[in-house]
Amino acid sequence: MENTVLVTGGAGFIGSNFILRWMESGPASVVNLDKLTYAGNLHNLASIADDKRYEFVHGDIADRVLLCSLLDRRKPRAVVHFAAESHVDRSIRGPEDFIRTNVDGTFALLEEVRAYWVGLEERKRGDFRFLHVSTDEVYGSLGPKDPPFSEVTPYAPNSPYAASKAASDHLVRAYHHTYGLPTLTTNCSNNYGRFQFPEKLIPLIILNALNGKPLPVYGDGQNVRDWLYVEDHCEAIATVLHRGQVGQTYNIGGWNEKRNIDIVETICHIVDEMAGNGGTARRSLITFVKDRPGHDRRYAMDAGKIERELGWRPRETFESAIRKTVQWYLDNEDWVRDVTSGSYRQWIETHYSS
Ligand code: NAD
Ligand code: TYD
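Remember, it's a predicted structure, so these values are computed and weren't measured experimentally. (Residues numbered from 1 in each chain as written. Chains lettered and ligands numbered in written order. Predicted model: local features only at pLDDT ≥ 70, side-chain atom pairs only at ≥ 80, totals over all residues. Heavy atoms only, no water.)

A.B. asks: Tell me about the site of ligand 1, residues and numbers included.
C.D. replies: Around ligand 1, the structure places 28 residues, and the nearest of them are Ile14, Asp34, Ser86, Tyr161 and Lys165. Between ligand 1 and the protein, one listed contact pairs an oxygen atom with a backbone N or O atom of Gly12 at 2.9 Å. Bound to the protein, ligand 1 loses 96% of the 840 Å² it would expose on its own. Where the shell around ligand 1 is concerned, the elements lending two or more residues are helix 1 (13–24), strand 5 (129–135), helix 6 (160–179) and strand 7 (190–192). A per-class count over the shell around ligand 1 returns twelve nonpolar, twelve polar and four charged. (Near = heavy atom within 4 Å. Polar contact = N/O pair within 3.5 Å; in protein donor to acceptor, adjacent residues only side chain to side chain. Areas by Shrake-Rupley, 256 points an atom, 1.4 Å probe, with all protein chains shown as cover. Helix = DSSP H or I, 4+ residues; strand = E, 2+ residues; numbered from the N terminus. Nonpolar A, V, L, I, M, F, W, Y, C, P; charged D, E, K, R; others polar.)

See the structure below:
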């Protein structure tokens with residue numbers, strides 16, 4: 001047992017970044033349980049595929065028989081739970097998968113983890129951790145002058161995605177409060193970086209800008225998000241896993257609020273500079289499109305608690321990390337080609353056709 005961590009959803013964007021970083025930083029073993037939906041990509045983990053300390057298990061977090069035997073066989077000392085349906089626009093078009101994975105799946109995982117944890121000897125029970133990775137979207141939308149979200153901001157989720165994550169957060173809270181399961185919850189703002197599936201704003205804009213395609217900006221482009229580089233998020237999760245206080249939640253953010261239109265213009269400028277523009281600035285591709293229904297106006301994070309109590313603060317600035325991110329998409333044409341075939345093209349056609 002001693003050092004195995006079970007990661008769910010480890011073939012996705014943040015999960016794969018987390019696994020690579022975790023395995024680089026110490027001797028621990030990782031078991032990655034992933035269903036490989038459209039968002040899961042084992043190429044992200046090719047560099048560790050043959051590492052003896054790594055095991056991939058193809059499966060669903062809602063499969064309790066599989067979970068039971070996996071926990072029994074690998075005896076992890078922690079579970080880090082990333083697996084989720086994660087895209088707001090998809091949750092608006094089809095919420096059912098979000099309820100199935102984010103709510104029912106998290107419930108199944110909690111039940112099986114609780115049964116496993118109860119059976120551990122006392123010392124191991126005390127050391128065990130269940131870390132649930134969640135989002136700032138559970139807090140709803142802020143007005144322009146409202147203070148940022150803190151850990152005591154009331155939940156007010158507005159999209160089916162946010163509601164399903166809020167439900168999972170509540171279940172995790174209840175499993176600690178009722179059964180004493182040693183849980184930790186992190187709520188993080190919008191991430192960007194390598195391996196992000198190009199349905200989300202930043203990689204979509206990078207790739208469309210590179211390919212001379214329209215750059216779709218919803219509504220008036222004035223919606224505000226807080227943006228955090230994925231490697232900073234992974235470091236924050238590791239910090240909470242090592243030093244977080246059981247039963248607590250921690251907000252993670254980049255202290256970096258930006259309007260969508262400013263993000264898009266910044267990317268245009270960087271792509272022009274890195275790839276050349278043949279005389280036509282890419283900002284001319286910006287196209288304002290119909291707004292997302294129920295589109296939250298502003299998210300902002302107060303990440304003061306994790307800094308005060310655990311000493312974590314983001315290392316990267318937006319200015320440097322967005323350049324690294326654009327460079328990564330320029331340098332990884334094979335990865336991009338692989339994920340932008342088939343079902344990706346279908347999503348783009350359905351979602352942006354009007
Ligand atoms: P992602 O969509 O890139 O990856 C999700 C992964 O989960 C995929 O590998 C997918 O195959 C897997 N998965 C989906 N359903 C599954 C199931 N039923 N069983 C097993 N595996 C399943 O997501 P992401 O952006 O890496 O987000 C990871 C977590 O972080 C999510 O819980 C998300 O809510 C949270 N989060 C994301 C962000 C962000 O900006 N991306 C910000 C804050 C929090
Ligand atoms: P997204 O990356 O989908 O993350 P989230 O909805 O979880 O914040 O979107 C980030 C912001 O960008 C959000 O305000 C919606 C907006 N957006 C666009 O303007 N155009 C797009 O094509 C997409 C995908 C998002």
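Still more to cover.
A.B. asks: Explain the site of ligand 2 to me, and be specific about the residues and the numbers.
C.D. replies: The environment of ligand 2 is formed by 18 residues, the closest being Glu137, Tyr218, Arg292, His295 and Tyr352. Tyr218 has a polar backbone atom sitting 2.8 Å from an oxygen atom of ligand 2. Contact between ligand 2 and Tyr352: an oxygen atom at 2.6 Å from a side-chain N or O atom of the residue. Among the secondary structure elements, those contributing two or more residues to the shell around ligand 2 are helix 3 (88–93), helix 7 (201–210) and strand 8 (215–218). Here the residues of the shell around ligand 2 sort into seven nonpolar, five polar and six charged.

A.B. asks: Outline the sheet that holds strand 10 (residues 249–252), supporting the account with residue identities and numerical values.
C.D. replies: Reading across the sheet, the seven strands line up as 3-2-1-4-5-6-10 and stay open at both edges, with parallel pairing between neighbours. The open sheet terminates on both sides in strands that have one partner only, identified here as strand 3 (54–58) and strand 10. Taking each pair of neighbouring strands and ignoring which way they run, the sheet shows an average axis angle of 20 degrees. With five bridges connecting them, strand 1 (residues 4–8) and strand 2 (residues 29–34) associate as parallel partners. Residue pairing across strands places Val7 opposite Asn32, the latter belonging to strand 2. (Pairing = 2+ DSSP bridges. Axes fitted to C-alpha atoms, helices over the stretch in contact; angles between N-to-C directions.)

Function-wise, these values are silent; they only describe arrangement.
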